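The primary structure of each chain is shown beneath.
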Amino acid sequence: MTPKHRIALAATVAGVALLGALGYVVPPVLAVTAQAAARPAADTIARGRYLIRTSGCNDCHTAGFAMSDGKVPEKDWLTGDALGWQGPWGTTYAPNLRLYFRTLDEDSWVKVAKAREFRPPMPGPSLRAMTDDDLRAIYRYARALGPAGGAAPAYAPPGQKVAGPVVVFPAPPK
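In this text the structure is predicted, and so the values were computed from the model without any measurement.

**Student:** Mind laying out the environment of Asp132, listing which residues take part and the relevant values?
**Tutor:** The residue Asp132 is located in helix H7 (residues 132-145) in this model. In the structure, Asp132 is positioned 22 residues away from Val110 in sequence and 6.4 Å away in space, judged by C-alpha atoms. In this structure, Asp132 is in contact with Val110 and Lys114, ignoring residues within four places of it in sequence.

Okay, structure coming up:
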């Protein structure tokens with residue numbers, strides 16, 4: 001939902017509430033429609049939370065998540081990790097999605113997710129296979145968590161030394 005649509009929705013819901021408070025008889029269909037219109041935002045955020053939990057996003061983008069069998073408080077989810085993933089492509093790090101999603105709007109995120117070629121171990125094919133609605137739900141959930149944490153280390157090209165722990169991948173078979 002765009003900011004313009006959110007404002008229109010808020011104005012509609014407030015208008016219906018005000019009419020009711022002033023004693024006007026609000027047609028039930030209008031009241032129900034205004035309430036239902038407010039629900040999708042919460043439903044979409046809940047869907048995003050579900051997708052984050054079940055699609056493996058936390059495994060890399062939440063420090064300690066995989067190693068603790070998911071016992072990381074939700075307030076710490078998606079804040080990135082300093083654990084590097086090293087292979088023939090260099091060394092990659094799972095970025096802090098809560099900060100990353102503050103740098104682009106929802107439509108830009110959908111475009112990035114659908115078109116970008118990601119370095120391993122990011123499962124680009126899985127991300128590109130998601131529906132636009134699923135990608136929007138993930139974006140909205142991460143934004144709803146609010147900013148937290150710091151930036152993950154920057155990508156290091158092949159052969160460049162890095163500080164900190166890494167998971168080393170073998171070269172792909174020829």
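**Student:** Would you mind going over the sheet that holds strand S1 (residues 84-87) in detail, with residue names and values included?
**Tutor:** Paired through backbone hydrogen bonds, the strands of a sheet run either parallel or antiparallel to each other. The strand order across the open sheet built from three strands is S2-S1-S3, with neighbouring strands paired in mixed fashion. Unpaired on one side and paired on the other, strand S2 (90-93) and strand S3 (166-168) mark the two borders of the sheet. Across the sheet, the mean angle separating the axes of adjacent strands is 25° when strand polarity is ignored. Note: S1 against S2, four bridges, orientation antiparallel. Within S2, the position partnered with Trp85 by the bridge is Thr92.

**Student:** How would you summarise the packing of helix H5 (residues 106-115) against H7 if you had to cite specific residues and measurements?
**Tutor:** Where H5 meets H7, the axes come as close as 9 Å, and the angle between the chain directions of the two elements is 120°. One way to sum up the angle between H5 and H7 is to call them oblique. The two elements H5 and H7 meet at a crossing, and its hand is right-handed. Only Asp132, Leu135, Arg136, Tyr139 and Arg140 of H7 make contact with H5, whose side of the interface consists of Glu106, Asp107, Trp109, Val110, Ala113 and Lys114.

**Student:** Tell me about the pattern of salt bridges, residues and numbers included.
**Tutor:** One pass over the structure, following the stated rule, counts eight salt bridges. Between Asp134 and Arg47 there is a salt bridge, with its nearest N and O atoms 3.2 Å apart. Here Arg47 lies in helix H2 (residues 28-54) and Asp134 lies in helix H7, a separation of 87 residues in the sequence. Given a relative accessible area of 36%, Arg47 falls into the partly exposed group. When the shortest N-O distance is used, the salt bridge between Glu106 and Arg140 registers 2.8 Å. Of this pair, Glu106 sits in helix H5 while Arg140 sits in helix H7, placing them 34 residues apart in sequence. Each member of the pair Glu106 and Arg140 is classed as buried. Counted as one network, the salt bridges with shared partners bring together Glu106, Asp107, Arg136 and Arg140.

**Student:** Give a detailed account of H7, specifying residues and quantitative values.
**Tutor:** Between the first and last C-alpha of H7 there are 20 Å, a value that for 14 residues agrees with the 20 Å anticipated at 1.5 Å per step. Listed in full, the buried residues belonging to H7 are Asp134, Leu135, Ala137, Ile138, Tyr139, Arg140, Tyr141 and Ala142. One or two steps after H7, the chain reaches Gly146, where phi turns positive at roughly 85°.

**Student:** Describe the state of the cysteines, listing the residues and the values that go with them.
**Tutor:** Under the defined criterion, the tally for this structure stands at zero disulfides. Free cysteine Cys57: the closest other cysteine sulfur is in Cys60, separated by 9.2 Å. Look at Cys60 and you get partly exposed, because its relative accessible area is 22%.

What counts as what
- Residues numbered from 1 in each chain as written.
- Predicted model: local features only at pLDDT ≥ 70, side-chain atom pairs only at ≥ 80, totals over all residues.
- Heavy atoms only, no water.
- Helix = DSSP H or I, 4+ residues; strand = E, 2+ residues; numbered from the N terminus.
- Contact = heavy atoms within 4.5 Å.
- Pairing = 2+ DSSP bridges.
- Axes fitted to C-alpha atoms, helices over the stretch in contact; angles between N-to-C directions.
- Parallel < 35°, antiparallel > 145°, perpendicular 65-115°, else oblique.
- Left-handed = near helix turned anticlockwise from the far one by under 90°.
- Salt bridge = Lys/Arg side-chain N within 4 Å of Asp/Glu carboxyl O.
- Buried < 20%, exposed > 50% of the residue type's maximum accessible area, 1.4 Å probe, protein only.
- Expected span 1.5 Å × (residues − 1).
- Disulfide = S-S within 2.5 Å.

Take it as geometry only, folks, not as evidence of what the structure does.
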